[in-house]
Amino acid sequence: MGNHRNALVAAVRQELAEARGTARAVLAAAESARGESQRRRQLVREAYATCLTQLAEARDAARRDILGRFRSEARRLTGIVELAATLCAAGAAGAPWRTWTPTWNTGGPDRGASAGLLRIGTIAYDPDGTDRTRVTLPALLPLLDGAHLELGGEQSAVDGIISTVLLRALGTTRPGEVHVTVFDPEQLGGTLAAFGPLGNAGLLSLVGPGGLGALLDGLVEHICRVNETVLAGEYGSLAALTAATPGPRPEPWRLIVLLVDPATAAELPASQRAQLDRIVRTGVGCGVHLVVRGLDLGTQPTVARVGVRDDGTAVSSSIGDLPIRLDAPPPAERIAGFCRAATEHLHAGPPTARLSDLEPEKLWTESSAYGLLAPIGAGPDGALVEVLLDDHRPHALIGGPPGSGRTNLVYAWLASLAARYGPDELAVYLLDGTDSGSFAQCVPGPGEPDWLPQLHLAGINLTGDPEFGLAVLRHLGEELRHRAQAAKRYGVATLAELRTEDPGGQWPRIVAVLDEFPPEAAEVVALLADLARRGPAQGVHLILTTQDPAGAEFLRDAGLPGFQLRLALPKAEGILADGNLAAAVIPRFHAVVNTDAGSASANRIVRLPDAGTQLAAPRADPGPQPVLPESPGHLPPGDPTPGPLPGYQTPGPVHGYPAPGSTRSAWRALQHRLWRERPDGAVPPRWFDGHAVPRLPEAYRPAGQAPDSTARVGCSPGAVLGERVDVPPGPARLRLGRMPGRNLAVLGSRTAEACDVLAAAALSLAAQGPARFSVACLHPAAERAATRLAGELPQADWYDHDTVAGLFDNLVAADIPHYVLGYGFGAAPAYRDRLRALLADGPERRVHVLAWWRSVARLRETLGGAGLDRVGAWVALDVPGPELSPLFPHTGGPAWSPRPRRALFFDRSVHRFPEVIIPYEVHSDPT
Ligand SMILES: Nc1ncnc2c1ncn2[C@@H]1O[C@H](COP(=O)(O)OP(=O)(O)OP(=O)(O)O)[C@@H](O)[C@H]1O
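Residues numbered from 1 in each chain as written. Predicted model: local features only at pLDDT ≥ 70, side-chain atom pairs only at ≥ 80, totals over all residues.

As recorded by an unreviewed UniProt entry, the protein chain carries the name FtsK/SpoIIIE family protein and is attributed to Krasilnikovia cinnamomea.

Take a look at the structure:
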């Protein structure tokens, strides 16, 4: 039993031991699993913490990145907004009052430029609420061509806004482009008193307390008129019309300031309310803008509202909820100063057009096929006024008393034409019938080698030389004939058609300016009439200028057609039609341009630019004269002028030049530019200066020793007597062939000039080949010149009172010509018969007498009445025409009024009528 019990105990123990062992094993396993779990949990916790940290870092990085991008984008956009704001409210529209100045003082705005926005304050914008991104932008309001303004809130602040927008609107437009009307029944205009000076220029009007209805009615009518007559259904608004068409705005803006207290506003009659609504709806397109305080303008999109809040800031419907920090209103003295300046500016009129304003963008781009169109100045609105010369209105008459600016006007017109039409399109001829050297600036001068490339010919200082003007008119008549023949060949009638048919031909339009050219002579009248009548079809245009009514009367009397274009300078008489008094009232440097022969309805007032003609004051020193470069002795008789126009000239001083180094005038600067553009091979124009005394050219002076007597002698050498007064430059010559009468008498008491004629003749003969010269001086006054000539001739025999017999004794026949130069033969009566015999039979033996007598009576005394025939040619200096009748083949003497340095030359074998010549200066240096 005990064993059983023991065994049982042992078995129980055994089982217990096993169970304990098992439990221990399970416990150990559980503990180990728990440890593992705890480790894992730890790991997870750690991973979680790491993850959290990383996520936080990533989030922070992303936030930083976003913020950075936001800020840079905000900065960029802010920059754009600032730029846009600056552009929308440039200059006077946005500048602070400290530096504010009206835009027209700084060169702008352009005529007809569109209006922008106006600054009234600033808006502060802080996108992220940290002060770091805070930006300040101008708060801008639309007004001109943009909106009506309805302002509400504290009164003084609202009035400040009104002053601000008014001044900015006025300052960004040209004076006169904005008219202001103020209805201020409480203060009777006192609210905007600083703008008062505008009233002096009609730019500000006040409406009395009972005038609102009439004001609104008037505005409605004005809007109707603009819609009907100005916009005429073609344009939606004045802004669109101004943008689409060149020139100034056709209608000014009207700013209507209505300062109404709310009580009055509430009692506004229905009719006025209705008119107000009409204006609100339709006014902006017609330039009518309401700026109101105390009135409700309704909900039209054309209304911008500004409300001033109690804290002094404002909000605007055009900006949104952003509060506007209002600018201080403009100081009253600045407003008043501006208004005074604007008034003065308006009274002064538009700025003077400068010569450069008349120039096109590019030189020489126009074709003259159908006419010549060019501006000559600016109209009252500042726009350039153009004048046209064409086949229908071909010619122009310019008139104005002395000093009124005729020359200046011609220069301005020429500048405008010459800048547009190149030398292939335009040929200019200038004749100055005054003594003022008017056109001297167009030709080369000392230190100024340039000339007007379109200029073919200029006649300067022609008071004493109407013959040159006549020669030019004849030349133009020839050109007309030449063109008419070409037109006939091609079967066309107008220049435009000729140019189409003959594209390679040179057919520029010709503009001939005749400044005070005297039309007295019948031939001048006939030539002018011919040019005026037939010129237009051939592209020849005349511009006549006159300083007294006689010029216009002449036109009327002569019946010259085609002068519909009239340009009347201040106080011009007879240029415009009777009863058209415009020229009497225009100010200095203005002109009335009239394209309808002066009838009052066609008047246009033009302000002319200064072409700088004041530099054209006459100079004292004469310049050299035209020279032909042909060798002497090779000209056909009667036509000493080979070579086409334009002639050429030795550059030399000409009257009227600015001294070298002087400031270039506007004209001169333009001419220099044109000259640099001249075509290759362009030759200077032919010019003739009536004040200049030509020197005997070197080509007509003997070069050295007497030519060998075996050298060839021309059959009829030509004695050069003086410069011809003709279009092609060149000397007048006397052919001395072996024919009876080939002798020369120089007549007149101007000893120096007579000696010059004989000296030029002798020297030029000496330059042409071997010849013998005998100088017989019997007059003491001529002794010095004769001695000098004898010394200059290669070989000459000298005779005086004591030795003159030898002259006749030594007349031996020779193969070379023998020229006898006589000074005062009348003083040797003892030799009259021998002299008469010499004159009679000398020329056939190649002995020619060239001699000076003080008068025709002396000549007659010396030669006897019948002996006059033996003198086939004469040069008369100060001998009146009738006295020359014994030497003249027609009845009565030639028409000749003597004048200094001019002589009448007649060679009966060549001339039908004598010609005027200018005796050369042979010895200019005192000896
Ligand atoms: N538009 C202008 N602006 C400024 N100055 C001008 C203008 N027109 C003319 N002048 C000046 O007035 C003066 C007279 O002008 P201009 O010589 O052209 O007149 P004119 O009528 O031809 O005179 P004259 O009868 O003496 O020949 C000159 O000093 C000229 O510079």
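Here the narrative resumes, following the displayed structure.
K.L.:
Outline the overall build of the protein chain, supporting the account with residue identities and numerical values.
P.N.:
Counting its secondary structure elements, the protein chain contains 19 helices and 31 strands. Residue pairs at least 24 apart in sequence account for 74% of intrachain contacts in the protein chain once pairs closer than 6 positions are excluded. (Helix = DSSP H or I, 4+ residues; strand = E, 2+ residues; numbered from the N terminus. Contact = placed C-beta atoms within 7 Å.)

K.L.:
Please provide a residue-by-residue account of the packing of helix H18 (residues 832-841) against helix H19 (residues 856-867), values included.
P.N.:
Working note: a packed helix pair is described by the angle between its axes plus the distance between those axes. H19 packs onto H18 with a crossing angle of 50° between their chain directions and a minimal axis gap of 10 Å. Classified by the interaxial angle, the pair formed by H18 and H19 is oblique. Crossing of H18 against H19: the hand is right-handed. Judged by residue contacts, Arg 832, Leu 835, Arg 836 and Leu 839 of H18 engage Thr 862, Leu 863, Gly 864 and Gly 867 from H19. (Axes fitted to C-alpha atoms, helices over the stretch in contact; angles between N-to-C directions. Parallel < 35°, antiparallel > 145°, perpendicular 65-115°, else oblique. Left-handed = near helix turned anticlockwise from the far one by under 90°.)

K.L.:
Outline the pairing of strand S22 (residues 718-724), listing residues and values.
P.N.:
Within S22, seven of the seven residues are buried, leaving the element largely enclosed by the surrounding structure. Note: S22 against strand S23 (residues 731-735), five bridges, orientation antiparallel. The residue bridging Glu 723 from the neighbouring strand is Pro 731, located in S23. A loop of six residues connects S22 with S23, the two strands running antiparallel in sequence, and Gly 730 in this loop sits at a positive phi of about 160°. (Buried ≥ 20, exposed ≤ 12 C-beta atoms within 10 Å, placed from the backbone. Pairing = 2+ DSSP bridges.)

K.L.:
Explain the site of the ligand to me, and be specific about the residues and the numbers.
P.N.:
With respect to spatial proximity, 17 residues lie near the ligand, and among them Gly 405, Thr 407, Asn 408, Phe 589 and Asp 610 are the closest. When grouped by side-chain class, the residues that make up the shell around the ligand number four nonpolar, eleven polar and two charged. (Near = placed C-beta within 6 Å. Nonpolar A, V, L, I, M, F, W, Y, C, P; charged D, E, K, R; others polar.)

K.L.:
Can you lay out the packing of helix H15 (residues 751-766) against helix H16 (residues 783-792) for me, pointing to particular residues and giving the numbers?
P.N.:
Direction vectors running N to C along H15 and H16 enclose 10°, while the axes themselves pass 10 Å from each other. Judged on the interaxial angle alone, H16 and H15 are roughly parallel. Across the interface between the two elements, Cys 755, Ala 759, Ala 762 and Leu 763 of H15 pack against Ala 785, Ala 786, Leu 789 and Glu 792 of H16.

K.L.:
A description of the UniProt feature "binding site: ATP" (unreviewed entry) in the protein chain should follow, citing residues and the corresponding values.
P.N.:
If you check UniProt for "binding site: ATP" (unreviewed entry), the listed places come out as Gly 400, Pro 401, Pro 402, Gly 403, Ser 404, Gly 405, Arg 406 and Thr 407 in our numbering. Its place among the elements puts Gly 403 in the loop between strand S13 (396-399) and helix H8 (406-420). For Gly 403, a count of 10 C-beta atoms within 10 Å puts it in the exposed group. As for its placement among the helices and strands, Thr 407 is situated in helix H8. (UniProt positions renumbered as here; feature names shortened; annotations may be inferred.)

K.L.:
If you had to explain the nonpolar core to someone new, which residues and values would you point to?
P.N.:
Counting residues in hydrophobic clusters, the biggest one holds 165 residues, and the most contacted among them are Ala 415, Leu 721, Leu 747, Leu 758, Ala 760, Ala 761 and Ala 762. Here the element with the most residues in this core is H15; it accounts for eleven residues. Looking at which domains feed residues into this core, each of domain 3 (357-568) and domain 4 (698-705 + 714-919) supplies at least three. In this view, Ala 762 contacts Phe 773, Leu 789, Leu 793, Tyr 819 and Leu 821; residues no more than four positions away in its chain are not counted. Counting 69 residues, the second-largest nonpolar core is a separate cluster that includes Leu 118, Leu 149, Ala 169 and Val 226. (Core = buried A, V, L, I, M, F, W, Y, C linked by C-beta atoms within 7 Å. Domains from an automatic or database assignment.)

K.L.:
Account for the confidence of the model for the protein chain, with residues named and values stated.
P.N.:
For the protein chain, the average pLDDT comes to 87, and 90% of its residues sit at 70 or higher. The model gives residues 615-663 a pLDDT under 50, and that stretch makes 115 contacts with residues more than four places away or in other chains. Reported for the predicted complex are a pTM of 0.67 and an ipTM of 0.98. (pLDDT = per-residue confidence, 0-100.)

K.L.:
Quick rundown of the sheet that holds strand S9 (residues 314-316)? Include the residues and the values.
P.N.:
Here ten strands make up an open sheet; going across it, the order is S2-S1-S10-S9-S8-S3-S7-S6-S4-S5 and the pairing mixed. Only two strands of the sheet have a single neighbouring strand rather than two, namely strand S2 (135-142) and strand S5 (204-207). Between one strand and the next, the sheet's axes are offset by a mean angle of 25°, whatever the strand orientation. For S9 and strand S10 (residues 320-326), the ladder comprises two bridges, and the chain directions are antiparallel. Residue pairing for S10: Ala 314 is matched across the bridge by Ile 324.

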